[in-house]
There are 2 protein chains.
Amino acid sequence: MMKYSGQTRVLVAVDCIIFGFDGENFKLLLIQRGFAPQKQKWSLMGGFIQPTESLEVGAQRVLKQLTGLEGVYLEQIPAFSEPNRDPVERTIAVPYFALIDIQKYEAQLSTEYHAEWFLLTEMPNLIFDHQRMVEMAKMRLRYKAALHPILFELLPEKFTLPKLQTLYEKLYETTFDKRNFSRKVLSTGLLVRQEEKDKESSRKGAFYYKLDKEKYYDNFEAFLKFIPNPEKFLI
Amino acid sequence: MMKYSGQTRVLVAVDCIIFGFDGENFKLLLIQRGFAPQKQKWSLMGGFIQPTESLEVGAQRVLKQLTGLEGVYLEQIPAFSEPNRDPVERTIAVPYFALIDIQKYEAQLSTEYHAEWFLLTEMPNLIFDHQRMVEMAKMRLRYKAALHPILFELLPEKFTLPKLQTLYEKLYETTFDKRNFSRKVLSTGLLVRQEEKDKESSRKGAFYYKLDKEKYYDNFEAFLKFIPNPEKFLI
DNA sequence: CCAAAAGTGTTCACGATACACCCATGT
DNA sequence: ACATGGGTGTATCGTGAACACTTTTGG
């Protein structure tokens, strides 16, 4: 097979910034790196791109290895390509942020990678430029979620409005008026109220809601703002 | 030097989707590919990433080679990484869209690449998946420009409000009310009216405006909507 | 004097915000 | 009975959209 001559080939890695939400706080799934350099240090889950897979497929593979989950919400963020970002060998990293339902995950946790959930606010130091990747991912998530209904990916199938509101409040480090919030969310018609209530976090109990899957997928890329004044939060 | 073992290295290319605006229509700067395969076919300007440069730097280098311009507005869009997208050898392409002032360019055009401006609506067929890259870039540009004041990058230093409006109208393939448009644009305080008028395109003449550079750079990433109902245009 | 494009103000409607009370229940 | 969190309605304000006439001047 013919090749392009005189050009340098480089390693390409996908690194996953895996977000979860435990009902109270944002979490990040990190692993303890199992190989040199920086063995034992905390790191994002990642892997080198294989000859037969695209970046997207590679990221899904890496996620499946760690969490057992497939079809996870993934979004590419701009590549990290400083020539010396990896001290071993030049590696271009294409980060993906992933939104997963922390409950689905728990059962499947592989012990192979020494993975652990950290509160986003209490992250350990990470190797290389992974810290910066997390920062970028957080910014991107804030941006995207201000305009599109993607945070549902972090919630279990059934969730309550107060939980949904907490989710948004934690991401934007603010509080919202619950009357306005519920009106805005319900007006999208994306949510279906269930008979059942969640009695865990209050005496009265809060109704569970499920997504109207059809409307949800139709509106996935739609422009739905759940938070007031999004411009305040967008960079 | 130590290396990661057992992994495949790949070529990484940057490809530039170069947009211009001639005062009436969007244009795209394409080159006639000078090497096999698909020699002579129209293509985006691109290049392989070099050992000492980041992707961003590589894209700027490629742009400079073709146009002579430096410090051009560039934005990365998600990588194209299908294993067989380049028939010669696996290459991951990281596309950047560039917004340039078509007037600054014209003098500097290198003849080396057989470059030519095409109307965006009358593009020839492009090699590989470059067509799809242009589509993606167009979508991204529409998205970004609906929320942030980036289209000024396409205009010369002095421009008139009617030209600015035409620019937006062409991108969104619609028309806007000029009273609302000018009010909205001027209310940002980003524009400074000049004494001079452009008498080219009307008898009465239209005032030239310049950007207030300081405010512009402050608001570069700010949330400024110049078009009504942006949600209608965002995917 | 006429054609062609530039420039400008007001009204209206809707969406966004602010705000406070009652409800259900477990202890 | 009371403490705790859940749920709901209304009044007001401000932003965004619709809309039409006057101005300038080259021919």
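A quick note: this is a predicted structure, and the numbers were derived from the prediction, not measured. Residue numbers run consecutively from 1 along every chain, following the written order of its sequence. As they are written, the chains are lettered A onward and the ligands numbered 1 onward, keeping that order. Confidence filtering applies because this is a predicted model: local features only for residues at pLDDT of at least 70, side-chain atom pairs given and counted only at 80 or more, and all residues used for totals across whole chains, interfaces and linings. Remark: hydrogens and water are excluded; side-chain values derive from all non-hydrogen atoms of the structure.

Caption draft 1: View of the interface of chain A and chain B. Taken together, the contacts link 45 residues of chain A with 45 residues of chain B. Summed over both partners, the accessible area (1.4 Å probe) lost when two parts come together is defined as the buried area. Of the roughly 4,000 Å² buried between chain A and chain B, counting both surfaces, carbon and sulfur atoms make up 60%. We define a salt bridge as a contact between a side-chain nitrogen of Lys or Arg and a carboxyl oxygen of Asp or Glu at a distance within 4 Å. Counting across the interface, chain A meets chain B through two salt bridges. Across the pair Glu-89 of chain A and Arg-9 of chain B runs a salt bridge whose closest N-O atoms are separated by 2.5 Å. A 3.5 Å cut-off defines polar contacts: any pair of N or O atoms within that distance qualifies, except that in protein one atom must be a possible hydrogen donor and the other a possible acceptor, and neighbouring residues in sequence count only when both atoms are side-chain atoms. The tally of links between chain A and chain B comes to 23 residue pairs in polar contact (both at pLDDT 80 or more). Helical segments are the DSSP runs of H or I of at least four residues, strand segments are the runs of E of at least two, and each set is numbered from the N terminus. Within the residue set of the side of chain A that touches chain B, elements represented by two or more residues are β1 (11-21), β6 (91-99) and α3 (130-147) of chain A. Side-chain classes follow a simple rule in which Ala, Val, Leu, Ile, Met, Phe, Trp, Tyr, Cys and Pro form the nonpolar group, Asp, Glu, Lys and Arg form the charged group, and the remainder, Gly included, forms the polar group. Split by residue class, the side of chain A that touches chain B holds 25 nonpolar, nine polar and 11 charged. Throughout, a residue-residue contact means that at least one pair of heavy atoms, one from each residue, lies within 4.5 Å.

Caption draft 2: Structural view of the nonpolar core. Buried Ala, Val, Leu, Ile, Met, Phe, Trp, Tyr and Cys residues form a nonpolar core when they are joined through side-chain atoms within 4.5 Å. Only protein chains enter the accessibility calculation, which uses a 1.4 Å probe. A residue is then buried if its area is under 20% of the maximum for its type, exposed if over 50%, and partly exposed in between. Counting 94 residues, the largest nonpolar core has Phe-19 and Leu-164 of chain A together with Phe-19 and Leu-164 of chain B as the members making the most contacts within it. Apart from the residues within four sequence positions on either side, Leu-164 of chain A is in contact with Phe-152, Leu-155, Phe-159, Phe-181, Val-185 and Leu-191 of chain A. Among the nonpolar cores identified, the runner-up in size contains 56 residues, and Val-10, Leu-29 and Ala-98 of chain A together with Val-94 of chain B belong to it.

Caption draft 3: Representation of the environment of Asn-25 of chain A in the model. Residue and element names in this part refer to chain A. Residue position: Asn-25 is located in the loop between β1 and β2 (26-32). Accessibility expressed as a relative area gives 28% for Asn-25, which makes it partly exposed. Considered as a pair, Asn-25 and Leu-99 are 74 residues apart in the sequence and their alpha carbons are 14 Å apart. Residue contacts for Asn-25: discarding those within four places in its chain leaves Gly-20, Leu-119 and Lys-170. Within the local environment of Asn-25, its side chain forms a polar contact with the side chain of Lys-170, the two groups lying 3.3 Å apart.

Caption draft 4: Highlighting the side chain of Glu-75 of chain B. All names here are of chain B. Considering the arrangement of structural elements, one finds Glu-75 in strand β5 (residues 73-76). With a relative accessible area of 14%, Glu-75 lands in the buried category. Only 2.6 Å separates the side chain of Glu-75 from the side chain of Tyr-73, close enough to count as a polar contact. Looking at Glu-75, its side chain comes within polar contact range of the side chain of Lys-144, at 3.1 Å. Among residues more than four places away in sequence, those in contact with Glu-75 are Pro-95, Tyr-96, Phe-97, Arg-140 and Lys-144.

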